[in-house]
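Report on the structure
Listed here are the chains, written in short residue letters.
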Amino acid sequence: MDVHGTVAEGFEPVRDAFIRNFTALGERGAAVAVYRDGRKVVDLWGGTRDVDDTEGTEPWRRGTAQVVRSATKGVAAAVPLLLHRRGELDLDAPVGEYWPEFKGHGKERVLVRHVLNHRAGLPVLDRPLTPEEALDPLRGPAAVAAQAPAWEPGTDHGYHALTYGWLLDELVRRVTGGRGAGQWIADEIARPLGLDLWVGLPEAEEAAGRAGRVGRLEDPEPSGPGTGPRLRPKRAVTEAYTDPGSLTRRAFAAITPFPDQNDPVYRAAALPAANGIATADGLARFYAALIGEVDGVTRGVRLFDPATMELARAEESAGPDRILVVGTRFGLGYMLHGSASPFLSPGSFGHPGRGGSLGFADPEAGVALGYVTNGFRKTVTADPRAQALVRAVRTSLARAGSDGSDGSDVNRV
């Protein structure tokens, strides 16, 4: 298995875990990047660009990007928080104050913060959208505006798997006078930071072949310690995902059938809940900029001030999730460290993508991580490959603390 890139001294456990993901967990193509105190200490990639390229004729390269599914949510969440910091969006205002058509059907008391903390009560649509409707920037928000809540807004939480994107995008459009979240991210986040990260892949990037093909991977057969899932899902979780009438199944079926994620039309659309495309470095650098300055040409650029960072990671929702069934924790737009989605420490915040990808930051450790893959597993919030990398970062930090290494020496793989 050819793995390329660099690791700083002390972060060799991340390299070892990354290689093991290929040899023991069936990884097809992937990349991981880690920043510490604004400086990149891990930059690794390997395998094939396309999940279905079994012959390995097109290798994963440094700039290869992939669809990151719900890891998009963490990027998109920065937009309303930054608008709030600028005084343009009140988190405690009713959504209908900005979006009058939203007010009906019992949604008058849905607040902006309810959209971000998954308490709006709108995870499902009574009539799922077709792929064509879902990609129309008007149809998705209109469907959510016509929907009655599944529970009293603000009283409980449940993961808004797909509707989150339409809610957030329309709020941003109303506040900015028509600029959607994808364009806002491009203008205000990705371009100033030099990120290879898009919510709506530009035609030129599509033509350049920047994004690989993603697809489903079957779980590998366990063959020893550290291979395969360690626990079977609880019966309640399995039933929730298989029952067509459950809130869980309906939330993930808000678009039916789900679009082909390799279709250029899908990748060009802006779905802030699900179709972000990023390199591992783009995702990691984004999170590094949430918690501090990032080195290089963008030195001095920081996205969140301390107060906004605390807003993002202050617990807003916790306990049994009405959609994911397991216990989850959310801040404003970000998942928080917990049993359903373990990050580095209790202070971490970020977002996984269903089936694999992960981005998060840990302010106390000064660490930001981005992991992208072209092979999606059955996992929703805690993929074994991503978790192996998180554990390796934790090991690296513990070793650095004990031997005095500061990661200043970089080793090429």
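Residues numbered from 1 in each chain as written. Predicted model: local features only at pLDDT ≥ 70, side-chain atom pairs only at ≥ 80, totals over all residues. Heavy atoms only, no water.

1. Some remarks on the pairing of strand E1 (residues 3-8)
Where we set the bar: Relative accessibility decides the category of a residue: with a 1.4 Å probe and only protein chains considered, values under 20% of the type maximum give buried, values over 50% give exposed, and everything between is partly exposed. Segments assigned H or I by DSSP are reported as helices when at least four residues long, segments assigned E as strands when at least two residues long, and all are numbered from the N terminus. For two strands to pair, DSSP has to find at least two bridges joining them.
Most of E1 is tucked away: five of the six residues are buried. Both E1 and strand E3 (residues 39-47) contribute to a ladder of five bridges, which runs antiparallel. Looking across to E3, one finds that Thr-6 is bridged to Asp-43. Summarising the sheet, E1 and strand E15 (residues 410-412) pair through three bridges and their orientation is antiparallel. Note that in E15 the partner of Thr-6 across the bridge is Arg-412.

2. Section: the side chain of Thr-328
Condition: Two residues qualify as a contact provided that any one of their heavy atoms is within 4.5 Å of a heavy atom in the partner residue.
Note that Thr-328 resides in strand E9 (residues 327-330). In contact with Thr-328, not counting residues within four places along its chain, are His-157, Ser-317, Ala-318, Gly-319, Asp-321 and Ala-340.

3. Overview of the packing of aromatic side chains
Quick note on the threshold: Note on ring pairs: Phe, Tyr and Trp rings are taken, using the six-membered ring of Trp, and paired if centres are within 6.5 Å. Classes follow the plane angle, with under 30 degrees stacked, over 60 edge-to-face and the rest tilted. By definition here, charges over rings are those cases where NZ of Lys or CZ of Arg is within 6 Å of the ring centre and within 35 degrees of the ring normal.
Summed over the entire model, instances satisfying the criterion amount to eleven aromatic pairs. With a centroid separation of 5.0 Å and an interplanar angle of 40°, the aromatic rings of Trp-99 and Phe-102 are classed as tilted. Assessed through its relative accessible area of 0%, Phe-102 is described here as buried. Ring centres 5.8 Å apart and planes at 35° place the aromatic pair Tyr-241 and Phe-252 in the tilted group. Taken together, the positions of Tyr-241 in helix H10 (residues 235-242) and Phe-252 in helix H11 (residues 247-252) put the pair eleven residues apart, joining distant regions of the chain. Classification of Phe-252 by relative accessible area gives buried; the value is 18%. One aromatic cluster is present, formed by Tyr-159, Tyr-241, Phe-252 and Phe-330 through successive ring pairs. Sitting above the plane of the Phe-252 ring, Arg-354 keeps its charged end 4.4 Å from the centroid.

4. Digging into the nonpolar core
For clarity, the cut-off: The set of buried Ala, Val, Leu, Ile, Met, Phe, Trp, Tyr and Cys residues whose side-chain atoms join them within 4.5 Å is what this entry labels a nonpolar core.
Counting 79 residues, the largest nonpolar core has Ile-189, Phe-286, Phe-304 and Tyr-334 as the members making the most contacts within it. In this view, Tyr-334 contacts Gly-74, Ala-77, Ala-78, Leu-81, Phe-286, Tyr-287, Leu-290, Phe-304, Ala-312, Arg-329, Phe-349 and Gly-350; residues no more than four positions away in its chain are not counted. In terms of nonpolar packing, the next biggest core, distinct from the first, is built from 39 residues, Val-7, Phe-360, Val-367 and Val-390 among them.

5. Some words on the environment of Lys-103
Within the element layout of this structure, Lys-103 appears in the loop between helix H3 (95-98) and helix H4 (112-116). Overall, the relative accessible area of 42% leaves Lys-103 in the partly exposed class. When residues no more than four places from it in sequence are discounted, the contact partners of Lys-103 are Gly-96, Glu-97 and Glu-108.

6. Quick word on the packing of helix H7 (residues 163-176) against helix H8 (residues 181-193)
Note the cut-off: Between the N-to-C directions of two axes lies an angle of 0 to 180 degrees, each axis being a line fitted to C-alpha atoms and, for a helix, fitted only over the stretch in contact. Orientation labels follow simple angle bins: below 35 degrees gives roughly parallel, above 145 gives roughly antiparallel, 65 to 115 gives roughly perpendicular, and whatever is left gives oblique. In this classification, Asp, Glu, Lys and Arg are treated as charged, Ala, Val, Leu, Ile, Met, Phe, Trp, Tyr, Cys and Pro as nonpolar, and every other residue, Gly included, as polar.
H8 packs onto H7 with a crossing angle of 65° between their chain directions and a minimal axis gap of 8 Å. Classified by the interaxial angle, the pair formed by H7 and H8 is roughly perpendicular. Residues Leu-168, Asp-169, Val-172 and Thr-176 of H7 lie in contact with H8, whose contacting residues are Ala-181, Gly-182 and Trp-184. Looking at the contact of H7 with H8 residue by residue, the class counts come to four nonpolar, two polar and one charged.

7. Overview of the sheet that holds strand E7 (residues 277-278)
Strand order in this open sheet of three strands is E4-E7-E5, and the pairing throughout is antiparallel. The sheet is open, and its two edges are formed by strand E4 (66-67) and strand E5 (197-198), each paired on a single side. With two bridges connecting them, E5 and E7 associate as antiparallel partners. Following the sheet pairing, Leu-197 is matched in E7 by Ala-278.

8. Focus: the side chain of Thr-163
Rules: Polar contact criterion, stated in full: a pair of N or O atoms within 3.5 Å, where within protein one must be able to donate a hydrogen and the other to accept it, and residues adjacent in sequence count only if both atoms are side-chain atoms.
For Thr-163, the position within the fold is in helix H7. For Thr-163, the side chain forms a polar contact with the main-chain oxygen of Leu-122, separated by 2.7 Å. With residues up to four places along the chain from it excluded, the contact list for Thr-163 reads Leu-122, Pro-123, Val-124, Leu-125 and Val-144.

From the geometry alone we can't say anything about function, so treat these as descriptive.
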